[in-house]
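Listed here are the chains, written in short residue letters.
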Amino acid sequence: MLSLVVFLPLAVAAALAPLPSTVSPRVFTVGWVCAAAVDALLVLVVWLVHAAGTGITFEQRVPWIPGAGVGYHVGVDGLSLPLVGLTSALFLACAVHSVHRTRGVKGFVLLFLFLQTCCLGLFTALDLILFFVYFDLSIVGMYFVIAGWGSGNAGPSALKFFLYTFLGSLALLLGFLGLYLAAEPHTFDIVELARAAPLSGQGVFGALVLGAIGVGLLIKTPVFPFHTWMPPAHTDAPAVGSVILAGVLLKMGTYGFVRIAMPLLPRTWNEYAWLVVLLGVVSVLYGALVAFAQEDFKRMVAYTSVNHMGYVILALGSAGLAVGSAEQARVLAVTGAVTQMVSHGLLTGVLFLLAGALYARGGTHAMGQYSGLAGPAPVFAGVTAVTVFASFGIPGFSGFVAEFQILAGALATATLAAALALPGILVTAALLLRALHRICLGERPSIPPRPTEGSHDFTDLRANELTAMLPLLGAALLIGTLPRWLLAPIEAGAVHLVGAIG
Amino acid sequence: MESGFTALLPETILATGAVLGLLLGSWLPLRHQWPVRLMAVLACLLGLAAVFAAPPLPHPVFGGSYAVDVATQTGRVVVLGGTLLVILLSAESVRSHPRETEFHVLVQLGALGTLVLLGATDLSLLVAGYLLASVPLYALAGFRGDAVGTEAALKYYLLGALFGVVMIAGATLLYGVGRSTGYAVLARTLPTAPPSVVAIAAVALLAGLLFKAGAVPTQFWIPDVTRGADAAVAALVTTLPKIGGLVALFRLVEGVFPAGGGWPVLFALLATAAMTLGNLAALNQPTVRGLLAYSTISQVGYLLLAVTVAGESEFAGPALLYYLLAYAVTNLGAFAVVCRFPYAETPRDYRGMARWRPGAAVVLLVCLLGLVGTPPTAVFLGKLRVFVAAVDGGYGWLAAVAVVNTVISLFYYLRWLVPVFLPAVSARDGGPVPTGGRAALGGGIAASVSLLAGIGAGLFLPLLDGPVLP
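Report follows, based on the coordinates.

## Some details on the side chain of His-234 of chain A
Residues and elements named next belong to chain A.
Then step 1. Residue position: His-234 is located in helix 9 (residues 230-236).
Then step 2. Judged by its relative accessible area of 0%, His-234 falls in the buried class.
Then step 3. Contact partners of His-234, with chain neighbours within four places excluded, come to Ser-242, Leu-245, Ala-246, Lys-298, Ala-302 and Phe-352.

Following this line, the structure appears as structure tokens:
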């Protein structure tokens, strides 16, 4: 079942690939929408069945390269299922958003179907090498998305993204090798390694392995000081590319912590949790402050991602502190971290789609070029306003649930860090409100930056754009108001994880 | 113990094919020498069949001067399969060539020399294998007879002769202090011999094998031959001799040279030098052939990781063999694209290929990303296994160096790969001009094998586990 979910997009891509690129682009875009929709339905089925079970469900285990200790081992639990759901939702939104695309459609659609398989595969993988394969292939796919369909300085930005995250992935691989060699018998299986935890607390070697894995994941997340690849990649990527990059690919980093770094090296994680907390706090503050200084809307959203991911890292670090006590608070922190991953994926996805709408109409992301858009485009302004409020954590939306749990959980074990991170929310609120103010309110300029064809003013959101955004906002609202359906599986996973790290 | 000629069936078939081909060729009209090509293909196929029909492993033959073990068997498969691919790649440039017979005979003899080199467990046979694996390739390098080809052949020959003499001197010295040329005896006598003489002699012996492998500091011929010779010949000399050289090195380091002689450190430094120098030099190459030339030097660096920990990690042998297989097929795939588009010299000339030649673009994508080490291609698994061996053998820092080098290598592979997927400069530009379809077939086969050997490694990886005889 899970394999079907993972490989369905790839199968559709294989079916579409032989068609000549001269056929109507609609064939590809509609095919993509159908594939994404069917996949989302399948994920829904998986979710409903999982809710009835416990632990890892839909587990499937086939020997793949037994000589090298590699197996095809997949399954979902409370920590991975929300991200699988998020991935299928975001890809469906991207498919709907791109339905009217006309140029270079074939390659674009095939790449996104390929990326969807990589992303779903990564979140269901229970084998380190399987995880790594998807991790690396997602980098390759995203590189071609940015380099081939990006704008501005796309080539160099894409190369920077590739090199930086590729270096991270290889550091990750070295760490995996360390775990493989330490386990007896040698294996890459995550479940078996978590049971044995061979390197946990084993002094220098354990620290080196955690360091290699940590650097690899921190680059991907990204956390200060490893974030420098991200702003250019986001600025120059196509809008839906940014959605996937921020919404799904960044989560691979944070998910790696809860799936690999923490359960496989619990004692070592406890030992260095203070460093993780520190990096998290710095990311929260640094991301917020630098975002405040941005003129470019997309760049600003990219830096708020550094801020939001910083909370996740802070929460995961604080869950490693105070071993043996404050269990409830630490479960709360981990639950908040996973909820934050989902929430950030949904809301930042919408923000990047809005940035794409802005660019398609005005030809620039510079906020100084726009003002008073609420007049000609009331729906755009309304959606932007709601997303902005949701994004800095107003109660009623998912961001509040996530950040509240993170800070409440972290306050128990890392009081000072949580207190220091609190102003980050304030700065984020200020910068997002300022952006809303500059773009949507105020006077209309007498000459619009670049009128779109056929009209002399900013046109409002089209139906397909709105169809892509509203369900994501709706999901965020649902999580904000009735969160139990999401929190219940996450909490089960979090209890298990906190039990493993002591 | 002794099973005589039946154990050497693949080698015998190849030698017979070469000799019969030479005789046959002298009776054929100049423009119709295709039966010789057919004979070469048959010899390789029969040889492959003989490999799979071999008696159980391992066993030394001919008084312990030749070993038929897992390394020899894997090497045979890779060399014979690689030779088949090279014959396919060369079809366009040597078909109906007046010296087609010579070409195919020399290719078979070079392959035979490589087989001798990788199975030899006796210094005399090793030297003979070195000469047999070198001399035909000198002639092949200058096969086209133009100025750059001749220069390449001359440089290749002079360096080969120099390192050959140095190697023979080393073998002589080892014979002197070890009182035998057989590896089995040397392994017993060398630990008690004067260490300084053994060290000098061993380093001299290594010079020849490093030359065959194309490793630093004996790499000077590679760029010249790769750029100057026919593309199919370039594919041959950058792929097959490496297999012989590296397996021979592995045998010596694992079983013959006395332990505690500082060999791992030496090889770690050689590996670092090859990776780093190859990668840094490849960054600025204007032509795709120059890029591939230095890429092969850097790949030897990764392969030397396995030689470094030979004898210190149980993973080293299987890792080396798997990586050799993966590297050979992936490198041949990249060269197949070069053979198919002989007029496209720089990466810029490949603009628009994805639009006009999607098949070739996919082959290049698989092979170049494969050479980087992107999963799920075979080289990824090869790198993974080599890194496992290095970390296990206590050379984690060397694996880290290899990782940094892998990231550097991404730059130049992408420099070639990106134009392939860019739109052509003008609408009338139909992308690079191809030659006939055989090279395309070769590339397709190589890319498929590279991908399938990665995904399906579970099926044949256990076959590579087994003792490598000293």
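Let us keep going from here.
## Some details on the packing of helix 10 (residues 221-228) of chain B against helix 14 (residues 288-308) of chain B
Residue and element names in this part refer to chain B.
Then step 1. Where helix 10 meets helix 14, the axes come as close as 9 Å, and the angle between the chain directions of the two elements is 145°. Crossing handedness for the pair helix 10 and helix 14: right-handed. In this structure, helix 10 contributes Ile-222, Pro-223, Thr-226 and Arg-227 to the contact, and helix 14 contributes Arg-289, Gly-290, Ala-293, Tyr-294, Thr-296 and Ile-297.
Then step 2. Along the lines of polarity and charge, the residues of the contact of helix 10 with helix 14 split into five nonpolar, three polar and two charged.

## Comments concerning helix 13 (residues 263-283) of chain B
Residues and elements named next belong to chain B.
Then step 1. Between its first and last C-alpha atoms helix 13 spans 30 Å; for 21 residues at 1.5 Å apiece the expected length is 30 Å, and the two agree.
Then step 2. Inspection of helix 13 places Trp-263, Pro-264, Phe-267, Ala-268, Leu-270, Ala-271, Thr-272, Ala-274, Met-275, Gly-278, Asn-279 and Ala-282 among the buried residues, and these make up the whole buried set.
Then step 3. Where helix 13 is buried, its residues touch helix 9 (195-213), helix 12 (240-256), helix 14 and helix 19 (396-421).

## Notes on the interface of chain A and chain B
Then step 1. Taken together, the 27 residues of chain A in the interface contact 34 residues of chain B.
Then step 2. Taken together, the two surfaces of chain A and chain B that pack against each other cover about 2600 Å², and 87% of this comes from carbon and sulfur.
Then step 3. At the boundary of chain A and chain B, one finds zero salt bridges.
Then step 4. Ranked by the residues each element gives to the side of chain A that touches chain B, the list is headed by helix 6 (residues 154-182) of chain A, at eleven residues.

## Brief notes about the packing of aromatic side chains
Then step 1. Considering all chains together, one arrives at 34 aromatic pairs over all chains under this definition.
Then step 2. Relative to Phe-315 of chain B, the ring of Tyr-180 of chain A lies with its centre 6.2 Å away and its plane at 50°, an arrangement referred to as tilted. Taken together, the positions of Tyr-180 of chain A in helix 6 and Phe-315 of chain B in the loop between helix 14 and helix 15 (316-340) put the pair across two chains.
Then step 3. Ring centres 5.9 Å apart and planes at 40° place the aromatic pair Tyr-156 of chain B and Phe-211 of chain B in the tilted group. Of this pair, Tyr-156 of chain B sits in helix 7 (residues 147-178) while Phe-211 of chain B sits in helix 9, placing them 55 residues apart in sequence. Of the two residues, Tyr-156 of chain B and Phe-211 of chain B, both sit in the buried class.
Then step 4. One aromatic cluster is present, formed by Tyr-130, Tyr-138, Tyr-156, Tyr-157, Phe-163, Phe-211 and Trp-221 of chain B through successive ring pairs.
Then step 5. Here the guanidinium or amino end of Arg-99 of chain B rests over the ring plane of Phe-143 of chain B, the centre of that ring lying 4.8 Å away.
Then step 6. The aromatic ring of Tyr-302 of chain B is capped on one face by Lys-383 of chain B, whose charged end is 4.2 Å from the ring centroid.

Calculation rules
Residues numbered from 1 in each chain as written. Chains lettered and ligands numbered in written order. Predicted model: local features only at pLDDT ≥ 70, side-chain atom pairs only at ≥ 80, totals over all residues. Heavy atoms only, no water. Helix = DSSP H or I, 4+ residues; strand = E, 2+ residues; numbered from the N terminus. Buried < 20%, exposed > 50% of the residue type's maximum accessible area, 1.4 Å probe, protein only. Contact = heavy atoms within 4.5 Å. Axes fitted to C-alpha atoms, helices over the stretch in contact; angles between N-to-C directions. Left-handed = near helix turned anticlockwise from the far one by under 90°. Nonpolar A, V, L, I, M, F, W, Y, C, P; charged D, E, K, R; others polar. Expected span 1.5 Å × (residues − 1). Buried area = accessible area lost by both parts, 1.4 Å probe. Salt bridge = Lys/Arg side-chain N within 4 Å of Asp/Glu carboxyl O. Phe/Tyr/Trp six-rings, centres within 6.5 Å; stacked < 30°, edge-to-face > 60°. Lys NZ or Arg CZ within 6 Å of the ring centre and 35° of its normal.

Scope: geometric values only; no functional claims are made or implied.
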